[in-house]
Amino acid sequence: MVTAAGPWDSTGQRTAERDRVVAREHTGGADHGRGSGAAGSPRPAPSAGAVLAALGGTTAPGGGTKAAPADGTAVADVLDPLLEDPALGTHRAASVVDLTTGKRLYGLGGDVPLTPASTTKIATAVAALTALGPDHRLTTRAALEADTGELVLVGGGDPTLTAREDARGLASLRTLAEKTAAALEKRDVRKVTLSYDTTLYAGAEMHPIGVNENLAPVTALMADEARTDDSTSGPAPREGDPADAAARAFAGFLKQHGITASAPGPSKATDRSDTLATVSSPPLSALVERMLTNSDNDLAEALARHTAAASGRPADFDGASAAVGETLKRLGLPVGGARFHDGSGLDRADLVTADLLTALLAEAADPARPQLRPVLTGLPVAGFTGTLAGRYTDGAAGLVRAKTGTLTGVNTLAGTATTPDGHVLAFAFLANETTDPWTAQYTLDKAATSLTS
């Protein structure tokens, strides 16, 4: 099946798809979180428009319209036995929609709210792209107070800001220090009082789960997601005070350029301050893809807060949760019963329906919503990228793209599957109160695989 769907390049992208997009001068975000390593923004990924057929039908190579995939009865015959597996616990729900025709092919408790785990990030992605747009960037800046001479490192809510020597296309704290030092030297300033500003965000920094290697304290200033090791994704030990750690690293980089800075402390830049230098993240399209591909909790919480700020709400857990729900409601999506308490899905109080998840995917596939396409291009590719890199190696590798979700007693999967006749189906499977996470995961993978055959 992989051979028939190919050819593939080294990152799991169809080369024909990529070439077609380049020829049409379409742009997307990062190539599923894998930048080119060159300076500047990550290499654009293919637009999902080359993968998804427009709603209302597709044209076959011979000019005819492809037939719809198997009807709902046939899909039920395949899925029902799989979803009855006791490994899926006592509460389960499923929804399957043909993105070519918009037809619902399968439903099992599709309107019943269940704990979604990390599939919540699909909702966060749609809300952030809608509120901010795919070209939005997160900017960190250094500002000099005219009255006091205080240098303020102002957090822009970019958890991907990096202090590493190889920035890989991300905003670089080293570059910000170099630019800032050059600006200070022009003013004949060699010594500064350094402080940092995290007031872009409000409320508590600690997620309800408490100290956890899956998420740093949520603050508007951090470097490398406050990781204390060399990792770029997944669980890792974190700094207890990410903003202070980032400011201390910034002071060290200033010193390399001849600027002596005091030990940093919290402050707030005033309207009278003069911005000396800035660095900006890759576009939101790339950040969304990274968030989905790697199930990046820090990015998810950041994007939820930026959604809140763009919606005029406080950038805290409550404001972000309300803003995501309100944004989806304005899109006309079925948010009944949905409850958002964070952007990442780590909060077990989150509730989402299978119908909402497939509706979110259908919205991202709508030709009228090209700004949402990173939701689809960012989904991990089965057997190739992100959280699905090690799954589907003997099944539907390359034909399933899906966001995973796992908490204790919770297994979920939502994404797209390509049928043999070229249709793309959106699916969502949610299982709560599971007792064997590995068997439950395997069963959900089998269900997704069944849609490709």
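So, here is what we can say about the structure in this document.

### Side note on the overall build of the protein chain
Then step 1. Counting its regular elements, the protein chain contains twelve helices and eleven strands.
Then step 2. Per-residue burial over the protein chain gives 55% buried out of 453 residues.
Then step 3. Excluding contacts between residues fewer than 6 apart, the proportion of contacts in the protein chain whose partners are at least 24 apart in sequence is 67%.

### Let's talk about the pairing of strand β2 (residues 104–108)
Then step 1. Across four bridges, the pairing between strand β1 (residues 91–98) and β2 is antiparallel. Residue pairing across strands places Ser 95 opposite Gly 107, the latter belonging to β2.
Then step 2. Between β1 and β2, which pair antiparallel and follow one another directly, the connecting turn spans five residues, one of which, Gly 102, has a positive phi of 80°.

### Quick notes on the pairing of strand β10 (residues 410–418)
Then step 1. For β10, a buried count of nine out of nine residues is recorded, marking the element as mostly surrounded by other parts of the structure.
Then step 2. Note: strand β9 (residues 400–407) against β10, eight bridges, orientation antiparallel. Looking across to β10, one finds that Val 400 is bridged to Ala 417.
Then step 3. Adjacent in sequence and paired antiparallel, β9 and β10 are bridged by two residues, among which Gly 409 carries a positive phi angle near 80°.
Then step 4. Counting the residues between successive antiparallel strands, the hairpin from β10 to strand β11 (residues 424–432) contains five residues, one of them, Gly 422, with a positive phi of roughly 90°.

### Considerations on the sheet that holds β9
Then step 1. In spatial order, the strands read β2-β1-β11-β10-β9; together these five strands make up an open sheet with antiparallel pairing. Looking at strand neighbours, the two that pair on one side only are β2 and β9, the edges of this open sheet. For this sheet, the mean inter-axis angle between neighbouring strands, taken without regard to orientation, is 5°.
Then step 2. Of the pairings in the sheet, the one linking β1 to β11 comprises eight bridges and is antiparallel in character. The residue bridging Val 97 from the neighbouring strand is Ala 426, located in β11.

### Describing the environment of Phe 253
Then step 1. Secondary-structure assignment places Phe 253 in helix α6 (residues 242–256).
Then step 2. Its relative accessible area of 9% is what places Phe 253 among the buried residues.
Then step 3. Taking C-alpha positions, Phe 253 is 8.9 Å from Thr 175, a pair spaced 78 residues apart along the chain.

### Remarks on helix α4 (residues 120–132)
Then step 1. With 13 residues, α4 ought to run about 18 Å at 1.5 Å a step, and its terminal C-alpha atoms sit 18 Å apart, in line with that.
Then step 2. Within α4, ten of the 13 residues are buried, leaving the element largely enclosed by the surrounding structure.
Then step 3. Those residues of α4 that sit buried are Thr 120, Lys 121, Ile 122, Ala 123, Thr 124, Ala 125, Val 126, Ala 127, Ala 128 and Leu 129.
Then step 4. Directly after α4, the chain includes Gly 133, whose backbone phi takes a positive value near 90°.

### Focus on the environment of Ala 397
Then step 1. One can find Ala 397 in the loop between α11 (374–377) and β9.
Then step 2. Expressed as a C-alpha distance, the spacing of Ala 397 and Ala 382, which sit 15 residues apart in the sequence, is 4.7 Å.

### Observations concerning the nonpolar core
Then step 1. Counting residues in each nonpolar core, the largest one holds 48 residues, and the members touching the most others are Ile 122, Leu 328, Phe 340, Leu 356, Leu 357, Leu 360 and Val 375.
Then step 2. Put simply, the parts of the chain that give this core at least two residues each are α4, α7 (284–294), α8 (297–310), α9 (317–330), α10 (354–365), α11 and β11.
Then step 3. With eight residues, α10 is the largest single contributor of residues to this core.
Then step 4. Residues contacting Phe 340, with those up to four places away along its chain left out, are Thr 120, Ala 123, Ser 321, Val 324, Gly 325, Leu 328, Asp 350, Val 352 and Leu 356.
Then step 5. Core analysis: the next-biggest nonpolar cluster, separate from the first, contains 29 residues, Ala 171, Leu 194, Ala 223 and Ile 259 among them.

About the thresholds
Residues numbered from 1 in each chain as written. Predicted model: local features only at pLDDT ≥ 70, side-chain atom pairs only at ≥ 80, totals over all residues. Heavy atoms only, no water. Helix = DSSP H or I, 4+ residues; strand = E, 2+ residues; numbered from the N terminus. Buried < 20%, exposed > 50% of the residue type's maximum accessible area, 1.4 Å probe, protein only. Contact = heavy atoms within 4.5 Å. Pairing = 2+ DSSP bridges. Axes fitted to C-alpha atoms, helices over the stretch in contact; angles between N-to-C directions. Expected span 1.5 Å × (residues − 1). Core = buried A, V, L, I, M, F, W, Y, C linked by side-chain atoms within 4.5 Å.

By themselves, these figures tell us nothing about what the structure is for.
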